[in-house]
Each structure stands twice: as structure tokens, then as C-alpha cells.
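Here is what each chain is made of, one letter per residue.
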Amino acid sequence: MSLMSLHHHKTSTILRHVFLLIVLLVCAYPLFWMALTAFKLEAEAQAAPFALPHRWVLKNFAKVFNSGDFGHAYLNSLLICVTSVVVAVVFAACAAFAFALFDFKGRNVLFIAFLLGMMIPVHVTLIPLNLLLGPQYLNIKESLWALAGPYIGFALPVSILILRGAFSTIPNELLDAARIDGCNAWDVFRFVAIPLARPAFATVIIFNFLTMWNEFAFALTLLGPDNATLPIALNNFKGERGMYLAETCAALAVVVVPLLVIYIFAQKHIIKGLTAGAVKG
Amino acid sequence: MFILPALAIYALFVLTPIVGSARMSLFEWGGSPLPRFVAFKNYALLLKDTIFWRALMNNALVLVGSLVIQLPFSALFALFLSYKTCCRTLFRTAFFAPMVMPTVAIAILWQYIYAPEDGLVTKLIQLVGNDDFTFPWLAMPSSSPFLPSVSLLCIFVTICWQYTGFHMVLYMAGIAAIPDELYEAARIDGANELQICRHIVLPALKPTIAVSATLSVIGSLKYFDLIYLMAAGLPQNDREVMATYIYRLAFDQGQGRFGYGSAAAILLIAIALVVVLPIQLTRLRKA
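Calculation notes
Residues numbered from 1 in each chain as written. Chains lettered and ligands numbered in written order. Predicted model: local features only at pLDDT ≥ 70, side-chain atom pairs only at ≥ 80, totals over all residues. Heavy atoms only, no water. Contact = heavy atoms within 4.5 Å. Buried area = accessible area lost by both parts, 1.4 Å probe. Salt bridge = Lys/Arg side-chain N within 4 Å of Asp/Glu carboxyl O. Polar contact = N/O pair within 3.5 Å; in protein donor to acceptor, adjacent residues only side chain to side chain. Helix = DSSP H or I, 4+ residues; strand = E, 2+ residues; numbered from the N terminus. 1 Å grid on protein atoms, 1.4 Å probe; cavity = no way out; pocket = protein on both sides within 12 Å on 5 of 7 lines; lining within 4 Å. Points joined across faces, edges and corners; volume = space filled by probe spheres on them. Nonpolar A, V, L, I, M, F, W, Y, C, P; charged D, E, K, R; others polar. Expected span 1.5 Å × (residues − 1). Bend = angle between axes of the 7 residues up to and from the residue. Buried < 20%, exposed > 50% of the residue type's maximum accessible area, 1.4 Å probe, protein only.

Undergrad: Break down the interface of chain A and chain B for me, citing the residues and quoting the values.
TA: Contacts between the two partners involve 97 residues from chain A and, on the opposite side, 89 residues from chain B. Buried area between chain A and chain B, summed over both chains or domains, comes out near 8400 Å², and the portion from carbon and sulfur atoms is 80%. The interface formed by chain A and chain B includes zero salt bridges. Where chain A packs against chain B, one counts 15 residue pairs in polar contact (both at pLDDT 80 or more). Tallying contributions element by element places helix H1 (residues 10-37) of chain A first for the side of chain A that touches chain B, with 14 residues.

Undergrad: Quick rundown of empty space enclosed by the protein? Include the residues and the values.
TA: The full count for this structure, using the stated rule, is two cavities of 30 Å³ or more. In this structure, the largest cavity is lined by 45 residues; those nearest its centre are A:Phe207, A:Thr211, B:Tyr163, B:Gly219 and B:Lys222. Residues of the lining of the largest cavity, tallied by class, amount to 27 nonpolar, 15 polar and three charged. Looking at the second largest cavity, its volume works out to about 30 Å³. Around the second largest cavity, the lining residues are A:Ser77, A:Ile80, A:Leu147, A:Tyr151, A:Met212, A:Trp213, A:Glu215, A:Thr229 and A:Pro231. Those elements that place two or more of their residues in the lining of the second largest cavity are helix H4 (70-101) and helix H10 (198-213) of chain A. Taken together, the residues of the lining of the second largest cavity sort by class into six nonpolar, two polar and one charged.

Undergrad: Talk me through H1(A); I want residue IDs and the actual numbers.
TA: All names here are of chain A. When the terminal C-alpha atoms of H1 are compared, their 39 Å separation across 28 residues agrees well with the 40 Å that a helix rising 1.5 Å per residue should span. At Tyr29, H1 shows its strongest bend, of approximately 40°, with the proline Pro30 following within four residues. Within H1, burial applies to Thr13, Arg16, Leu20, Val23, Leu24, Cys27, Pro30, Leu31, Trp33, Met34, Leu36 and Thr37.

Undergrad: Tell me about the pattern of salt bridges, residues and numbers included.
TA: Applying the stated criterion across every chain yields a total of 10 salt bridges over all chains. Here A:Arg179 makes a salt bridge to A:Asp176, at a shortest N to O gap of 3.5 Å. Of this pair, A:Arg179 and A:Asp176 both sit in helix H8 (residues 172-180), three residues apart, which is roughly one turn of the helix. Judged by its relative accessible area of 43%, A:Arg179 falls in the partly exposed class. Accessibility expressed as a relative area gives 39% for A:Asp176, which makes it partly exposed. Note that B:Arg187 is salt-bridged to B:Glu193, the shortest N-O span being 3.4 Å.

Undergrad: For helix H4 (residues 88-96) of chain B, give the residues involved together with the corresponding values.
TA: Among the residues of H4(B), those classed as buried are B:Phe91, B:Thr93, B:Ala94, B:Phe95 and B:Phe96. In this structure, the buried side of H4(B) is in contact with H1, helix H13 (245-265) and helix H14 (267-280) of chain A together with helix H3 (50-82) and helix H7 (150-176) of chain B.

Written out as C-alpha cells, the structure is:
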């Protein structure tokens, strides 16, 4: 845990802290500025960007709630992300279980086919998906549920890889014992494998949820104008009211601050979920 | 069977589109209502398309920047934080925070920071000197085909803001895994801090560096949101990376060049496989 030396120099320690503090200020200032600007009058936001608000006003937020469709967008994002995460994780868990514990024909080929999905930049599928979900075939383009297929499909490879890793660390003796006690494959899956892989499930759920919550390209291409998710609602708001600095900062705050609050309270899990998701995937 | 549901969705929404792209890339399909089979004409055109090459170049430039600038700094921050530090958690939390934000929000925020007349960067320069200073940070085309534009550099700063904390956390974990005995032994042998970093920490971090670099390579092929939103003010032949070019070919108003865009997409897959597959296979074999 520590490189902490027994005899480190005072000056170097101070210099190190000063350096880190400067980086912290540069890093945090944009967010700080966004929050302050959201409470300013427009003229003030333009004229004195670095100052504290002369008078703290809430009318920017009122504007955001009236003209932006953020309540609706929150609901849409929640619906599509929760549904997609649940389906993706359940299906991925089943597949990962089979990949980890059963020996069947074509196992490696199938597994590699899934892994290929992680190397493919998702944007190459925008054009064909646009067609596949369009009126000629599935005809769900423009609706919120158009996102479910691609979201689930692209969440599967990472999830399967991580869960398979967790399932294959379960000791064989434990599985044999369960079978001797009369468990079939499904029981082993439910009562032995899933409880033992809980941390891996946490990683997969957090990683996929945040990825979907912040996803932009698919939503931009596949959603109709009435079904915006949060990133799209934000982008639309910028398009319409972008010249009003204070209002747009309020809209940004409405989207970003709840995420940051959750992040601060659950940072251990979120940092672990995002890094493990990216590294193992 | 356990795999079937996953396989069905994966086949329908990931594999089918890729095959579909490959097929579509052989057709000319734009203004005309019916696709016309043109074999490899789209690919031949792409190889002569200067925007395509510029887009690929921009991908490469951002990647080089990530490897040469972002990764060393992430490692340095991690190293600094691994010494006994006041409020270490605060630093880590703050540096990592941009990772949880939607890229759209980051792009909008930084567009204000880079606004030509009243953005924060411009205002800051006005404060310290020239009152009349203005500069189109995000609309400066590049001067040479092999150099990044000023705007791309500005966007690169934003990319660093977004991802440095993430890589830093990777390096922190790597440093934390080094056993304390190694340092103690080195100190007893009279090594100073620099020597310890050079001869103990750096070699021990090799696997972490490999992971962090791999993620940068994979990530660099997937740049979309930030470039699409922030570089929109640049001239057409300057603002693209591969993913945004594919998107704009197909979906920008009046374009609808699905065949041509698909050909670009297939080339991007090919590049991804050639670059990423060997790296991933080595990693998986180790794991």
C-alpha cells in the first residue's frame, strides 16, 4: 500500500502536495465553474465568468425544468438502462456459466466469437443497425426500445468474460459436493455459482449501467425526437439554448450532479467496477 | 441451453450488422432509391479519399498523444499519491470523477471553456494581458497533413481530463501490489528515491503499463462523442476521426451514403482486428 519512506524529506513532501493541489484545482475547476454559473444571471455569467455569483438565482433551473424535457429523459434513461442491464447480466451469467463449467462441442469457437465483439468499435454497426431496426425489418427505430438490442448485444462480451472468470475460480470439490447432494445444473448455477460470484456481478452491473447511461452514438442515431435519453436531452438543450451560458450550465448540473453525488457515496464500488470492467474486458 | 439467449441477441445485434456492413459495402447506395452493385468501387474510392486518411491520421495522433503524454502523467500522479499523502482519497476521487460523467456533458462544458470570445481560456488570457484577445480554439484547421490541428490538441486536453484519473487508478493498484519488503531492502542497500523508482517501481509496473497502453489503443479506435461534438466547427476535411466520418457519411443531412460509409466501417473493423487482435490474444493467453 505504501511507498512511504521512513526518511523522506520535508521539502519534497511539500512540493509533492503543492503539485497535486494544483492538478486538483485544474481538474476540479471546470465542474466548480459549471455549478457556480448555473446560479448566475445570464449577463453576469458572460461578463464575470470567474467571480462568485453576485446574487444566487434559481431561475436557470426553472427554465431547464420547463423547456428541457429532463424529467422524461431521466425516466427514459432509467427504463432502458435497467432493462438492458438486467437482461444482459442474466443472459451473460447463463452463458458464462456454461463456458466455465461445461465441456461442449464448439465451446472455444463460440467463446472467441463473443470476444470478437469487444474488439469491434461499436460505431461500425450504426449503419446496418439503423436499417435492421428500421421499417423494413424490426420496425422499432425511433422508439426507446430500439436501444435495447444493441445495448444488450454489446454488453454481453465483457460481461461473459468477467463472469466466466469468476465462475471458473469456483473449486471443483464444491461443485461435486453440490451434485452429490442432488443439485442439477440449474441449482448449482442458482445456489452455488451466483452467490460466490457476487463481486463479479457488482462489477458487471456497475460497468454496464454507467456505459449505457452515458451512451451517445446509438441514442443519437436510433431514437426518435420524443424518446430522448439523458445525453440526447442534454445535447438537444445545448442545441436550442446553448447561447445562454447560465441556463446550459444549469442543465449540465441537472445531469451531472446527481451522478457525482452517487459516485462520491459509492466511489469504492464505482471505481472498482469501471476499472475492472475496462481492464478485464 | 444456457448459451442460447445470449447467442441469439448477440448474433442478431452484433454479428448480423457486421455481415450486413460487409454486404452493403459492395453497393453504391445513396441518392438512388435502389442499391447498385459496384463490387469494390467504394474501397477504391476510400483509398483516394483525403478525408478518410485525415480521419485515420487524427485517430493515430490522439493515440500517440495518449501514449506519450497521458500515460506518463497518470503514472506520475499515481506515484506521487502512493507516498504518504494528505487526503489521498480526495485526490483520487476528484481525478477519477470525469469518468462517470456523460461525454456529452464533458463536451458541452469544454466547448464553453474553449469559446473563442468569452470562454474561460480566452478570458484568462485577457486577464493576464491582451484585452482584445480572441481565438477560435475549436475551429483552427491544421496546417499540415501530418500535424494535429490546434483544435485537436485542445480536444486532446479534454480527453486527458476525462481519462487521466482512470489510468492513474490502474497505476495506483499496480504500485500498491509491490511488496514493501522490496523498498526496505533497497533502502538498506542505500538506494535513493529516484533509484527506487527506476529499478523497483518501473519494472514492477510493466504489466500495468501494458494494460494501460492496450486500453489506449482500443479506446483510440472508438473515439466518437467528444470529437463529433467538439470538432464540429472545423472544416469538413479536418474534423473527423474514423467513427465520426462513418456516422456523418451515413446520417448527416443530405448524405445518406450507406454503401460508402459501410466500406469505411469494414476498413475500421479490419484495422481494429489487425491492431488489437494480436494484443488481445497475447493478453488472454497470459490470463
